[in-house]
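Chain by chain, the residues:
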Amino acid sequence: MRIYKVGGAVRDRLLGKPVTDIDWVVVGATTEEMLAKGFRPVGADFPVFLHPKSGEEYALARTERKSGRGYGGFTFHASPEVTLEEDLIRRDLTINAMAEDDQQNLTDPYHGQRDLEARLLRHVSPAFAEDPLRVLRVARFAARYATLGFTVAPETLELMRQLSESNELEALTPERSWKEISRALMEDQPQVFVEVLRACGALKVLMPEVDALFGVPQPPAHHPEIDTGAHTLSVLQQAAIHKQPLTVRWACLLHDLGKGLTPEQEWPRHIAHEFKGLKLIKAVNERFKVPRDCQELALLVGEYHTHGHRAHELKPSTLLELLQSFDVFRRPQRFEEFIAACEMDARGRKGLEEKSYPQADYLRGAATAARNVAVQPLLEQGFKGPELGEAIKRERLKALKTHKEKA
Ligand code: CTP
């Protein structure tokens, strides 16, 4: 039996990037031999094993053939006769289809190293089309390696376009799609993920609500970049530059969906887009079974981001309602994330990237002022039940009024 390192570990070592998990491929072995060596089988679907000590994945070299739609629609063939080259040719990208033995001798039948040097994400063979998830994977790799100068090879983009036009993307499970989307959003240049999906027509299938923002104008006074799609990409880019968490990045991507619903005759204004967008945000959230914290923040940012921008103008009562909508007294972190998303929205505008955002400190101060209202003195005054609630509210309003006057 011969054992090779494959996939991302080889690619990232050649790129000089840190290697986190290592995948291995085993040539010339049977399942029985693997079990006899103490490897533990993973699931029933594929001939994949975990190393008894390191826990790393070891897969028997295999060939695959598509036999139906979606991820389950595969028949595979693993036997000691399957060669390394046969295993590598079914993989997605040439840069992911290299193998290395324990002496670091490279097996690279599909010229992955050449494409690494040319900074090209290129598919290995027509077998690429057998897994539609690869459309999202390529877009994700494009987002990850954009800083190094990588682009998608034109023939691969064409294949991705064909896959997007067929109904194959619809066979993806929400879980697999979200895994790719969430990883892509956490890359250095998440906006490239969206750009590549758009370029191959996949965005229109996966998130038509985001796709619809391109070509929709906004008032140049607030949005020198004008186009709502371009703005959304810049907001996402700012979120990555400012190292925001996934919740904030997801909210950034979806915050302006309502603008895609504005009738053309109302352009470039978008009256009540915050509210109109909520049903679209909900639909995207549900489509990918997005984790609850991301869902909630996206909806709250969608509804209230313009409140954030107008923070200094809000009446104390509106400010208090805003704080209550976020349940800020129990969940201060979520309000911080809202402030961050508003700031990214303000910075994601052409030429305004470095402009300060005093609303952030004002909102933070408001939350602190309201939170600092002490309940004990009110209890001592004898308030209880609904009256206590009213008294706390009065004190919080007073605190917010003082905060506003001081600003
Ligand atoms: N692979 C593939 N098609 C897929 C998933 C995986 O061809 N849909 C192959 C690729 O050769 C890939 C390897 O399996 O390199 C390992 O996959 P995975 O661990 O998902 O990705 P990595 O390439 O290791 O990348 P990452 O750094 O994102 O984990």
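We now turn to the structure provided with this report. (Residues numbered from 1 in each chain as written. Predicted model: local features only at pLDDT ≥ 70, side-chain atom pairs only at ≥ 80, totals over all residues. Heavy atoms only, no water.)

## Some remarks on the site of the ligand
Around the ligand there are 14 residues in total, and Asp92, Asp131, Arg140, Arg144 and Arg183 lie nearest to it. At a separation of 2.9 Å, an oxygen atom of the ligand approaches a polar backbone atom of Asn96. One nitrogen or oxygen atom from the side chain of Asp131 is found 2.9 Å from a nitrogen atom belonging to the ligand. Burial of the ligand by the protein amounts to 79% of the accessible area it has alone, namely 580 Å². (Near = heavy atom within 4 Å. Polar contact = N/O pair within 3.5 Å; in protein donor to acceptor, adjacent residues only side chain to side chain. Areas by Shrake-Rupley, 256 points an atom, 1.4 Å probe, with all protein chains shown as cover.)

## What about the nonpolar core?
Ranked by internal contacts, the top residues of the largest apolar core, which has 88 residues, are Met207, Trp250, Phe335 and Phe338. With nine residues, the single largest contributor to this core is helix H5 (residues 133–145). Aside from chain neighbours lying at most four places away, what touches Met207 is Ile181, Trp250, Leu253, Val284, Arg287 and Phe288. Counting residues in each nonpolar core, the second largest holds eleven residues, with Tyr4, Val6, Val25 and Val82 among its members. (Core = buried A, V, L, I, M, F, W, Y, C linked by side-chain atoms within 4.5 Å. Buried < 20%, exposed > 50% of the residue type's maximum accessible area, 1.4 Å probe, protein only. Helix = DSSP H or I, 4+ residues; strand = E, 2+ residues; numbered from the N terminus. Contact = heavy atoms within 4.5 Å.)

## What to know about the pattern of salt bridges
The full count for this structure, using the stated rule, is 26 salt bridges. Its salt-bridge partner being Arg91, residue Asp87 comes within 2.9 Å of it at the nearest N-O pair. The exposure class of Asp87 is buried, given its relative accessible area of 0%. A salt bridge links Glu296 to Arg292; the nearest nitrogen and oxygen atoms lie 3.9 Å apart. On the criterion of helical spacing, the pair formed by Glu296 and Arg292 is a turn pair, its members being four residues apart in helix H15 (residues 292–309). Through salt bridges with shared partners, a single network forms among Arg292, Glu296, Arg331 and Arg334. (Salt bridge = Lys/Arg side-chain N within 4 Å of Asp/Glu carboxyl O.)

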